[in-house]
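Tertiary structure, described
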Amino acid sequence: MLGRATGAVLIGVEARLVEVEVHLGGGLPFVAAVGLPDSAVKEGLERIRSALLNVGFDLPDGRAIVNLAPAEIPKQGTALDLPIAVALLAADGQIPHDRPGESVVAGELGLDGSVRPVRGALSIALAAARAGRKRVVVPAANAQEAALVASLDAVAVGSLADVAAIAKGLGRPGPREDVERLLREREGARDANDLSDVRGQAGARRALEVAAAGGHHLLLSGPPGAGKSMLARRLPGILPTMTPGEALEVTQVWSAAGIARGLVRERPFRAPHHGISSAGLTGGGPRIRPGEMSLATHGVLYLDEMPEFRRDALEALRQPIEDGEITVARVHAAATLPARFTLVASMNPCPCGHRGSRGGRCRCTPRQVHHYLSKL
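Residues numbered from 1 in each chain as written. Predicted model: local features only at pLDDT ≥ 70, side-chain atom pairs only at ≥ 80, totals over all residues. Heavy atoms only, no water.

Let's talk about the pattern of salt bridges
- As enumerated under the stated definition, the model contains twelve salt bridges in all.
- Between Arg267 and Glu246 there is a salt bridge, and its shortest N-O distance comes to 3.1 Å. Highlighted residues: Arg267 in the loop between helix H9 (244–256) and strand S11 (269–270) and Glu246 in helix H9, separated in sequence by 21 residues. As far as the burial class goes, Arg267 and Glu246 line up, both buried.
- By sharing partners, the salt bridges in this structure join Arg311, Glu315 and Arg318 into a single network. (Salt bridge = Lys/Arg side-chain N within 4 Å of Asp/Glu carboxyl O. Helix = DSSP H or I, 4+ residues; strand = E, 2+ residues; numbered from the N terminus. Buried < 20%, exposed > 50% of the residue type's maximum accessible area, 1.4 Å probe, protein only.)

So this is what it looks like as structure tokens:
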């Protein structure tokens, strides 16, 4: 028999739907996956076998072939555990066949049959909506993300048994989240880092206000202890409230990175260490993940001690500052990541930091100062 289900995989911050087909044939009991599965997907087959037994299902007799289509896209991550298990049970006749083209299923299975959260639930829900699907089945921990997509019914599951109940028509979608209402609730709250906490620094405060009003990038220069970091951390508090579209985009990026479990309502503030690599700043890796530039989308990217950052990392800022996005290409995949942020950087006026301060404490030579400032 043949069983089908629809899952999804993440490529960058976008999700691609994956059609899961399971064919049961004769021979010794064995499960094999084809369609460019990575090690996490192959290990998932063993998790599925244990989960089926612990929930009370029978292991299918004979040889099971799992096809993940389209075959040319590498399948990565653990979100395919649940759709493979659903297709396997449907092929064996232990649960009814879902109506084709209705549902997208995503989740990682534990050995006891529990369903664990996955990265990118919002991206998966958005991909399902674009494909015209009516329902998305996700782990309970990801249900709030999926419910942000108004055109879908988001069904939360806690175990493989819940998925079987949904296949039999017993599941019910949860309440949908209103993005605009959630943002309005945030408007009245006071930020932990409020500009009203700053005393003095009239020139720096004015610079922050101009940067916030015009969307300008900002460089703060001054001796240690002058308040550069304190001022930078208060810039998101005077930026306008995010629009629903901006909030969804930020949530999508943070969900793909495994950070968010619900709507992100505050503008991001990211402050990576100066030892960060170019890939950590731009994103990438074997499985393309968002970097600090993308995590700061519609917020602030703060580079403290900017001259100490690696030159290749600073050079990587060029494209996103101009285009508001960055394209990451790897051998098997390429992804375009959002990176529309306000860049705030700080630095000392010289290597020791005391040039121009009272008391003549600076002992840096003109050559040292020139070399330090030339890094910009």
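Let's talk about the nonpolar core
- Ranked by internal contacts, the top residues of the largest apolar core, which has 59 residues, are Val136, Met293, Leu301, Leu303, Leu317 and Phe341.
- Not counting chain neighbours up to four residues away, the residues in contact with Phe341 comprise His217, Met293, Ala296, His298, Gly299, Leu301, Leu317, Pro320 and Ile321.
- One finds Ile84, Ala91, Leu109 and Val155 within the second-largest nonpolar core, a separate group that totals 36 residues. (Core = buried A, V, L, I, M, F, W, Y, C linked by side-chain atoms within 4.5 Å. Contact = heavy atoms within 4.5 Å.)

Considerations on the packing of helix H1 (residues 39–55) against helix H2 (residues 81–91)
- The N-to-C vectors of H1 and H2 enclose an angle of 55°; their axes lie 10 Å apart at closest approach. By the criterion of interaxial angle, the relationship of H1 to H2 is oblique. Here H1 and H2 pass one another in a crossing that is right-handed. Contact residues: H1 offers Val41, Gly44, Leu45, Arg47, Ile48 and Leu52, while H2 offers Asp81, Ile84, Ala85, Leu88 and Leu89. (Axes fitted to C-alpha atoms, helices over the stretch in contact; angles between N-to-C directions. Parallel < 35°, antiparallel > 145°, perpendicular 65-115°, else oblique. Left-handed = near helix turned anticlockwise from the far one by under 90°.)

A short note on unusual backbone geometry
- A cis geometry characterises the amide bond from Ala69 onward to Pro70, with omega recorded as 5°.
- A positive phi is found at Leu36, a non-glycine position, where the angle reads about 60°.
- Looking at the element boundaries, Leu36 is found in the loop between strand S3 (30–34) and H1.
- Note on Leu36: relative accessible area 45%, which makes it partly exposed.
- A positive phi angle, close to 50°, is found at Gln201, a residue other than glycine.
- With respect to the helices, strands and loops of the structure, Gln201 is situated in the loop between helix H6 (179–187) and helix H7 (202–214).

The values are spatial; any link to function lies outside them.
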